[in-house]
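Chain by chain, the residues run as shown.
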Amino acid sequence: PVAIDLARPDLDTAIRTAVGDRDIGLLVYNACYSVIGPYLETLTADKQKMIDVNCRGPVTLVDTFVPEMVARKRGGVILMSSMSGFQGSALVAAYAATKAFNTVLAEGLWEELAPHGVDVLGMVAGATRTPGFEQQTPTDRQRMTFPMDPEDVAREALTALGRQPLAIAGPVNKAVHFVFSRLVPRQAAVRFFARTTRKVYGE
């Protein structure tokens, strides 16, 4: 284990030094930084850190480790994304935007790297019982988000890797995505998720 600040400007050098000459066969970018609250009341530094950790971080690690996978003609990359990345929402506007970046990045890399033997997956999770979720979400409201266990999300991700560019964890999240991407106007979807986020996290 290596403890590294994923927002540091020299992440590429730091992670390469930490890993040394070890071969990395599977890269899972599961880290994220999230600040929940009204956009204009969120510090610019926090917004920039969300971009650093959630967007610059995965790009940096892909650039660091994937060229070696391509040279070996085998490897895998899982970029964790979020249901919030499918549409904007109040209180998580910047965070949701970073997760949309991860989703689209994974889909593009899936197509580009497949001929080189490298499997890429964008894994979209909803609420998950992680330490961050439990710290940020009021205990009496956690059940409102239908959280999944991390082990179940990980199992679905490893099953989907190599089969498709994007996977959504859990039947509830799959159903929600189908309804709000196929059956509901975009405007209504944004307002629904904004109301739900406010109900869980308040303002």
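Shown above is the structure to which this text applies.
Each chain carries its own residue numbering, running from 1 in the written order of its sequence. Totals for whole chains, interfaces and linings use all residues, but because this is a predicted model, local features are given only for residues with pLDDT of at least 70 and pairs of side-chain atoms are given and counted only at 80 or more. Based on all heavy atoms of the structure, the side-chain values leave hydrogens and waters out of the count.

### Quick look at the packing of aromatic side chains
What counts as a ring pair is set by centres within 6.5 Å for rings of Phe, Tyr and Trp (its six-membered ring), and what kind of pair is set by the plane angle: stacked under 30 degrees, edge-to-face over 60, tilted for all other angles. Evaluated as defined, the whole model comprises three aromatic pairs. Here the aromatic rings of Phe180 and Phe193 are separated by 5.1 Å at their centres, their planes lie at 65°, and the arrangement is edge-to-face. Note that Phe180 is positioned in helix α6 (residues 171-183) and Phe193 in helix α7 (residues 186-201), a separation of 13 residues in sequence. Both residues of the pair, Phe180 and Phe193, count as buried. Look at Phe192 and Phe193: their rings are 5.3 Å apart centre to centre, the planes differ by 90°, and that puts the pair in the edge-to-face class. Each member of the aromatic cluster is reached from another via a ring pair, and the members are Phe180, Phe192 and Phe193. A positively charged side chain is recorded as over a ring if its NZ (Lys) or CZ (Arg) lies within 6 Å of the ring centre. The angle to the ring normal must also be within 35 degrees. Over the ring of Tyr39 we find Lys47, and its NZ or CZ is 3.6 Å from the ring centre. If you follow Lys49 out to its NZ or CZ, it ends over the ring of Tyr33, 4.7 Å from the centre. Each helix is a run of DSSP H or I of at least 4 residues and each strand a run of E of at least 2, with the numbering of both proceeding from the N terminus. Each residue is placed in one exposure class: buried if its accessible area under a 1.4 Å probe, protein chains only, is under 20% of its type's maximum, exposed if it is over 50%, and partly exposed if it falls in between.

### A word on the layout of surface pockets
Sizing a probe to match a water molecule and rolling it over the atoms shows the empty space that remains. Of the pockets and cavities examined, the largest pocket occupies roughly 1400 Å³. A pocket, in this scheme, is an open set of points on a 1 Å grid over the protein atoms alone with protein on both sides within 12 Å along at least 5 of 7 lines, while a cavity is a set where a 1.4 Å probe fits but cannot get out; residues line either one if an atom lies within 4 Å of a point. Ser82, Ala125, Gly126, Ala127 and Thr128 are the residues nearest the centre of the largest pocket, which is lined by 44 residues in total. For the lining of the largest pocket, the secondary structure elements donating two or more residues are β2 (75-82), α3 (93-113), α4 (131-136), α5 (150-160), α6 and α7. Sort the elements by how many residues they give to the lining of the largest pocket and α7 lands first, with six residues. Classifying every residue of the lining of the largest pocket by side-chain character gives 27 nonpolar, 16 polar and one charged. The volume enclosed by the second largest pocket comes to roughly 210 Å³. Looking at the second largest pocket, the residues that line it are Pro1, Val2, Ile15, Ala18, Val19, Arg22, Ile24, Leu26, Leu27, Leu61 and Phe65. For the lining of the second largest pocket, the secondary-structure elements that each account for two or more residues are α1 (11-19), β1 (26-29) and α2 (44-72). Grid points are joined across faces, edges and corners, and a volume is the space filled by probe spheres set on the points. Each residue gets one label: Ala, Val, Leu, Ile, Met, Phe, Trp, Tyr, Cys and Pro are nonpolar, Asp, Glu, Lys and Arg are charged, and the others, such as Gly, are polar.

Coordinates in, geometry out; function isn't part of it.
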